[in-house]
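So you can see what is in the structure, the chains are spelled out below.
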Amino acid sequence: MSTPDWGIGQYERTAAQLEPAAVVVVDAAGDLAGRTLVDVGCGTGNAALIAAARGASSIGVDPAARLLEVARGRAAEEALDAHFVAGDAAAVPLPDASADVVVSVFGVIFAPDPAAAAAELVRLAAPGGRILLSAWIPGGAIGDVAGVGRRAVADAMGLPAGPPPFAWHERGALESLFGPLDRRVDVAEHALRFTADSPEAFLAAEYDTHPLWLATGAVLTAAGRADAVLEEARALLVAGNEDPGAFAVTSRYVVASLS
Ligand SMILES: C[S@@+](CC[C@H](N)C(=O)[O-])C[C@H]1O[C@@H](n2cnc3c(N)ncnc32)[C@H](O)[C@@H]1O
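What comes next is a walk through the structure. These numbers were taken from a predicted model, which means no experiment stands behind them.

## Quick look at the overall build of the protein
1) Next: Along its length, the protein carries nine helices and seven strands.
2) Next: Taken against the 2.2 N^0.38 rule, which gives 18 Å for 259 residues, the C-alpha radius of gyration of the protein at 18 Å falls within 12% of a compact globule.
3) Next: Projected onto its principal axes, the C-alpha coordinates of the protein cover approximately 50 × 40 × 30 Å.
4) Next: Taken over 259 residues, the protein has a buried fraction of 47%.
5) Next: The positive charge centre, built from 17 side chains, and the negative charge centre, built from 32, are 3 Å apart in the protein.

This is the structure we're talking about:
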């Protein structure tokens, strides 16, 4: 399956769930007044907008045209100094050293060529400028469910399962990318809690609105496998549920600082 367009569905719903992580990443950047921040894989602009509200001049970059439009609307509504341009993590249409801070909140982790994306983040950062990125730690119920979807799509398309995604959450993996680029790696662990009325309600909302689930669902429905995969996903969410009266799952992630 080619890289999906994150503009399909209603990513806005997910962006609201992820906003606390954007706050954590922007907090890690320290004082932003008068500084330029570039947000790579900005989606609907969470981190760029939070930074702009703290006095930064923000530029968000993302391949998804619809999400950039949503981000521009949010910036206009709040009269923030935040601009949004189309681009890929491996090819950002901005000059060298144009950012005092580069952030990527669960964005660069989707780049198909991690080494090219890492080099691009470093290229964008001004001398002394920090790079901060967040990446999920595998193993939670929500990550496991995403893995089920990925494997089922590969299977339905007759493709080999392929290697696991690049380990953006691991210090060693980050050092292999950023060490040769003269960047020191620090990693701090955080957690984000997802909630819903029930595991079934959580899954239905994801399946109906999340861009990756919409892309996955289209392939699985065509292959007659959607019901079986949804049941497998539901069972994982039930097993990982932390709130017997409703639904809650804690997903762990890292914020990596490359200085
Ligand atoms: C999970 S969303 C995160 C969006 C946003 N940072 C947030 O916190 O809500 C992943 C984002 O990465 C973007 N993305 C996917 N592939 C990308 C790539 N190769 N380069 C840059 N961004 C990419 C998607 O379009 C999407 O907006």
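## Quick word on the site of the ligand
1) Next: Close to the ligand lie 18 residues; Tyr11, Gly41, Asp62, Ala89 and Val105 are nearest.
2) Next: Between Asp88 and the ligand, the recorded distance is 2.9 Å, taken from a side-chain N or O atom to a nitrogen atom.
3) Next: At 2.8 Å from a nitrogen atom of the ligand is found a main-chain nitrogen or oxygen belonging to Ala89.
4) Next: For the ligand, the accessible surface in isolation is 600 Å², of which the surrounding protein chains cover 97%.
5) Next: Tallied by class, residues from the shell around the ligand come to 12 nonpolar, four polar and two charged.

## Regarding unusual backbone geometry
1) Next: In this structure, Ala97 takes a positive phi of about 55 degrees despite not being glycine.
2) Next: Here Ala97 is to be found in the loop between strand 3 (82-86) and strand 4 (99-105).
3) Next: The exposure class assigned to Ala97 is partly exposed, which follows from its relative accessible area of 37%.

## Brief notes about the sheet that holds strand 2 (residues 57-62)
The pairing of strands in a sheet happens through backbone hydrogen bonds and is either parallel or antiparallel.
1) Next: Strand order across the open sheet formed by seven strands is 3-2-1-4-5-7-6, with mixed pairing between neighbours. Strands at the two margins of the open sheet, each flanked by one partner only, are strand 3 and strand 6 (185-196). Taken over all neighbouring pairs, the strand axes of this sheet differ in orientation by 20 degrees on average, direction set aside.
2) Next: Relative to strand 2, strand 1 (residues 36-40) runs parallel, the two being bridged by five bridges. Residue pairing in the sheet places Val38 in a bridge with Ile59 of strand 2.

## A look at helix 8 (residues 211-222)
1) Next: Taking 1.5 Å per residue as the helical rise, helix 8 with its 12 residues ought to reach 16 Å, and the 17 Å between its terminal C-alpha atoms agrees with that figure.
2) Next: Against the buried residues of helix 8 lie helix 1 (11-28), helix 5 (141-156), helix 7 (199-209) and helix 9 (226-240).
3) Next: Positive backbone phi, at 70 degrees, marks Gly224, one or two positions downstream of helix 8.

## Quick word on the packing of helix 1 against helix 7
Between two packed helices, the angle of one axis relative to the other and the distance separating the axes together describe the packing.
1) Next: Here helix 1 crosses helix 7 at 130 degrees, and the two axes come no closer than 9 Å. Classified by the interaxial angle, the pair formed by helix 1 and helix 7 is oblique. Across the interface between the two elements, Tyr11, Arg13 and Gln17 from helix 1 touch Phe202, Ala205, Glu206 and Thr209 from helix 7.
2) Next: Residue composition of the contact of helix 1 with helix 7, by class: three nonpolar, two polar and two charged.

## Some remarks on the pattern of salt bridges
1) Next: Applying the stated criterion to the full structure yields 13 salt bridges.
2) Next: With a closest N to O distance of 3.1 Å, Arg184 and Asp186 form a salt bridge.
3) Next: Connected through salt bridges with shared partners, the residues Asp96, Glu120 and Arg123 form a single ionic network.

## Notes on the side chain of Ser257
1) Next: By secondary structure assignment, the location of Ser257 is in strand 7 (residues 247-258).
2) Next: The contacts of Ser257, once residues within four sequence positions are left out, are Arg130, Ile131, Leu132, Arg184, Val185 and Asp186.

## Considerations on the pairing of strand 3
1) Next: Examined bridge by bridge, strand 2 and strand 3 share five bridges and lie parallel to one another. In the strand pairing of strand 3, Gly60 is matched with Phe84.
2) Next: Viewed along the sheet, the connection from strand 2 through helix 3 (residues 65-77) into strand 3 turns out right-handed.

## What about the side chain of Ser104?
1) Next: With respect to the element layout, Ser104 can be found in strand 4.
2) Next: Ser104 gets classed as buried once you look at its relative accessible area, which sits at 1%.
3) Next: At 2.7 Å, the side chain of Ser104 forms a polar contact with the backbone oxygen of Val40.

## Digging into the nonpolar core
1) Next: Within the largest apolar cluster, 73 residues are counted, with the highest numbers of intra-cluster contacts made by Trp168 and Phe178.
2) Next: Leaving out residues up to four positions away in the same chain, Phe178 has contacts with Ala118, Leu121, Val122, Leu133, Trp168, Arg183, Val185 and Leu258.

Criteria and thresholds
Residues numbered from 1 in each chain as written. Predicted model: local features only at pLDDT ≥ 70, side-chain atom pairs only at ≥ 80, totals over all residues. Heavy atoms only, no water. Helix = DSSP H or I, 4+ residues; strand = E, 2+ residues; numbered from the N terminus. Rg over C-alpha atoms; globule rule 2.2 N^0.38 Å. Buried < 20%, exposed > 50% of the residue type's maximum accessible area, 1.4 Å probe, protein only. Lys, Arg positive; Asp, Glu negative; His and termini not counted. Charge placed at Lys NZ, Arg CZ, Asp CG, Glu CD. Near = heavy atom within 4 Å. Polar contact = N/O pair within 3.5 Å; in protein donor to acceptor, adjacent residues only side chain to side chain. Areas by Shrake-Rupley, 256 points an atom, 1.4 Å probe, with all protein chains shown as cover. Nonpolar A, V, L, I, M, F, W, Y, C, P; charged D, E, K, R; others polar. Pairing = 2+ DSSP bridges. Axes fitted to C-alpha atoms, helices over the stretch in contact; angles between N-to-C directions. Expected span 1.5 Å × (residues − 1). Contact = heavy atoms within 4.5 Å. Parallel < 35°, antiparallel > 145°, perpendicular 65-115°, else oblique. Salt bridge = Lys/Arg side-chain N within 4 Å of Asp/Glu carboxyl O. Right-handed = clockwise from strand over helix to strand, strands pointing away. Core = buried A, V, L, I, M, F, W, Y, C linked by side-chain atoms within 4.5 Å.

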